[in-house]
Amino acid sequence: TSAATAGSAVAADVGKVDVELVRGGAATPVTNANKRDFVARKARFLVTNGAEAEVEAMRDGLSKVLAPKYLRMFSAEELQRVVRGPERIDVAEWRRVTALSGYAAESKQVLWFWRCVEEDLDESARQALLLFWSASSLPPVFGFRSADDDFDFEIERAGRTRECPTASTCHKLLRLPAYASYEELRRKLVMALELGASGFAEA
């Protein structure tokens, strides 16, 4: 096998195209001595060049929505933030956009719940909770408070205390049983997240 065959794996629907990964690659066989370099170069080629048609289509579509001159105003990091939203979840803001059903703001279960989210869950666990609750691990692009009513959350007093919390992601509804202690609430909530429950109980 020569080092020039990397291009043949790009896409079956566009036919086989031999691309030299190094100068003179067509005449350079792949051996034990250079196989690591070959694999690394081929992987880099497939990642950067193997999806040119798809990238061009995405670029063309994006330019129809937003002129390229405006995109150039952003650094890569700034554009990533605009596209995917903030990296860290603002718990205080999340709490402010969460309605209650069957509970009051001073209900001990509600206070315990937000205490658990703020103090006992790390960022990855908060993202898991957001995914469990809303089917997205990322908050709205410009934060919870900037979103419309479709992004409002709700905690409902429902379910048996021997069970874990459940959620209807379509309605961003979390069913939180009236647990008797903070430790029980924390343990059941963490258990629901660790078990990988998707939150689609009755969506």
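Along each chain, the written sequence defines residue order, and numbers are assigned to residues from 1. The model is predicted, so local features are restricted to residues of pLDDT at least 70 and side-chain atom pairs to those at 80 or more, both for listing and for counting; the totals for chains, interfaces and linings are taken over all residues. The side-chain figures draw on all heavy atoms in the structure; neither hydrogens nor water molecules are used.

(A) Molecular detail of helix H8 (residues 182-194). Helix length check: H8 (13 residues) gives 18 Å between terminal C-alpha atoms against 18 Å at 1.5 Å per residue, within 8%. Taken together, the buried positions of H8 are occupied by Tyr182, Glu184, Leu185, Lys188, Leu189, Val190, Ala192 and Leu193. Working rule for contacts: check all heavy atoms of both residues, and any pair within 4.5 Å makes them a contact. Under the DSSP-based scheme used, a helix requires at least four consecutive residues in state H or I and a strand at least two consecutive residues in state E, with every element numbered from the N terminus. Tucked into the core, H8 has its buried residues touching helix H6 (108-120), helix H7 (123-134) and strand S4 (173-176). Every helix has an expected span of 1.5 Å times one less than the residues it contains. Here's how the labels work: a residue is buried when its accessible area is under 20% of the maximum for its type, exposed when over 50%, partly exposed in between, all with a 1.4 Å probe on protein chains only.

(B) Geometry of the confidence of the model for the protein chain. A score from 0 to 100, pLDDT tells how confident the predictor is in each residue. Mean pLDDT over the protein chain works out to 82, with 84% of the residues at or above the 70 mark. Taken element by element, the protein chain is modelled with least confidence in helix H4 (residues 76-84), mean pLDDT 77, and with most confidence in H6, mean pLDDT 97. Predicted confidence for residues 6-14 stays below pLDDT 50, and this span has 14 contacts to residues more than four positions away or in other chains. Note on residues 198-203: pLDDT under 50 across the span, and 19 contacts to partners over four residues away in sequence or across chains.

(C) Local environment of the layout of surface pockets. In this structure, the second largest pocket encloses a volume near 230 Å³. Around the second largest pocket sit Val55, Met58, Arg59, Leu62, Ser63, Leu66, Pro68, Leu71, Phe74, Leu79, Val82 and Val83, which together line it. Those elements that place two or more of their residues in the lining of the second largest pocket are helix H2 (52-65), helix H3 (68-71) and H4. Among the elements that line the lining of the second largest pocket, the one with the most residues is H2, at 5 residues. Note that Gly is not counted as nonpolar here; it falls among the polar residues with everything else outside the nonpolar set of Ala, Val, Leu, Ile, Met, Phe, Trp, Tyr, Cys and Pro and the charged set of Asp, Glu, Lys and Arg. Across the lining of the second largest pocket, the residue classes break down as 10 nonpolar, 1 polar and 1 charged. Cavities and pockets are defined on a 1 Å grid built over the protein atoms alone: a cavity is a set of grid points where a 1.4 Å probe fits but cannot escape, while a pocket is an open set with protein on both sides within 12 Å along at least five of seven lines, and lining residues are those with an atom within 4 Å of any such point. Grid points are joined across faces, edges and corners, and a volume is the space filled by probe spheres set on the points.

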